[in-house]
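# Fold and contact review
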Amino acid sequence: MADQRKISRSKSLGERELIAAIRKRAGQLPSGRILHLGIGDDCAVIRPRRGEELVVTTDLSLENVHFRRDWHPPQSVGHRCLARGLSDLAAMGARPEAAFLSLALPADLTGYHNGSSYHSWMQDFFDGLMALAERHRVPLAGGDLAKSPPGLRHAKGLVVADIVLLGSVPKGRSLLRSGARPGDMIYVTGALGGSAAELLALERRPAAFRRADEGGEGHPHLYPEPRLATGRKLMRGRLATAAIDLSDGLSTDLAHLCEESGLAAEIDAESLPVDARATLEQALHGGEDYELLFTSDPETVVPSPVGGVLVHAIGRMKKRGRGPLVQMYQGTTLVGP
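The following paragraphs examine the structure supplied in this document. What you see is a predicted model, and the numbers here were worked out from it, not measured in a lab.

Turning our eyes to something else, we now look at the sheet that holds strand β7 (residues 140-147). Reading across from one edge, β3-β8-β4-β7 is the order of the four strands in this open sheet, with mixed pairing throughout. Every other strand in the sheet has two partners, leaving β3 (52-62) and β7 as the edge strands with one partner each. Between one strand axis and the next, the sheet turns by 15° as a mean value, whatever way the strands run. The strands touched by helix α4 (residues 121-135) are β4 (95-105), β7 and β8 (160-170); relative to β4, the strand with the most contacts, the crossing angle is about 170°. Strands β4 and β8 of the sheet are contacted by helix α6 (residues 228-236), whose axis makes an angle of about 30° with β8.

Glancing now at the pattern of salt bridges. Inspection of every chain in the model, using the stated rule, returns 10 salt bridges. A salt bridge links R135 to E225, with the nearest nitrogen and oxygen atoms 2.8 Å apart. Placement of R135 in helix α4 and of E225 in the loop between α5 (194-204) and α6 is noted, with a sequence separation of 90 residues between them. The partner of R227 in a salt bridge is E291, and the shortest N-O contact between them spans 2.9 Å. With R227 in the loop between α5 and α6 and E291 in the loop between α8 (280-285) and β12 (292-296), this pair connects stretches of sequence that are 64 residues apart.

Ranked by internal contacts, the top residues of the largest apolar core, which has 50 residues, are L101, L103, F125 and F126. Counting 24 residues, the second largest nonpolar core, distinct from the first, contains I186, L246, L250 and M328.

Moving on, we come to helix α3 (residues 74-92). Helix length check: α3, at 19 residues, gives a terminal C-alpha distance of 28 Å against a target of 27 Å (1.5 Å per residue), a fit within 8%. Where burial is concerned, most of α3 is hidden: 16 out of the 19 residues are buried. G93 sits one or two residues past α3 and shows a positive phi near 75°.

It is worth spelling out α5 at this point. Of all the positions in α5, only G194, S195, A196, A197, E198 and L202 are classed as buried. The secondary structure elements touched by the buried residues of α5 are α8.

Procedures and definitions
Residues numbered from 1 in each chain as written. Predicted model: local features only at pLDDT ≥ 70, side-chain atom pairs only at ≥ 80, totals over all residues. Heavy atoms only, no water. Pairing = 2+ DSSP bridges. Helix = DSSP H or I, 4+ residues; strand = E, 2+ residues; numbered from the N terminus. Axes fitted to C-alpha atoms, helices over the stretch in contact; angles between N-to-C directions. Contact = heavy atoms within 4.5 Å. Salt bridge = Lys/Arg side-chain N within 4 Å of Asp/Glu carboxyl O. Core = buried A, V, L, I, M, F, W, Y, C linked by side-chain atoms within 4.5 Å. Buried < 20%, exposed > 50% of the residue type's maximum accessible area, 1.4 Å probe, protein only. Expected span 1.5 Å × (residues − 1).

Spelled out as structure tokens, the structure:
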């Protein structure tokens, strides 16, 4: 979409109308602080502010891997596509500045076919994506659009959405995975396991979720809420020594932080904020909660809530020994994970 000519090349009239409709919708979003030129030219033009650095993340959403069309409403797919990348920015303490979306769709999902138009899966996908973009003032600055080719098992093709997000953070102030120190306290935001619990319910009764309203608290899997305000406050207040977002599950993502910081971690099972719908197993290993996990100096007073989200102390970092990177205790008894 940054190159309007590129994505329009050899397109039918209906597809060109589709591009124009996307561009019109993108024009309704805020222009951003550093985006000087968006959709309509060969490239977007970014002008970073003095004293700031840019952070960049990319995230791929593939049908039947990250979502299923027969389970997930299209608004949810669009929301989740953007939310996953915004959660990465939140973990860095960054402000979102621009999004670039590349989308491959089967022809019957675009809303244009044989010269006629109709309300489509793609329009609902953009409803979900744009609603979240508007809420967090993220301009859609470009991307690409293509027809998904048919395959042996999928005669009409699969949906593929790749999103790139740019964020900004004061120079040298990004929250990294590598900054934790022995003795630092470990915190998480929100509640854990809700996404895995909702996914299980979705698998069992997908029809019950087809009209699910957007809202992170009510639908942690379908409509996760990236903790951008929390990440910014942690960065600004110098409250965190290290941070990561919980996309792969607490046990996995805490191990990633341990690896980058060269440390190990102990967590208290009784302190974990398990979602009311979830089991302890889902809270530990379920993934896709998109909460923030961060460490803080034990002398630092970490308030709760931060950025409107409750914060919970769940353990402590320690020097790495011969045991596993992450150990969980119930009282004084080692129980896993």
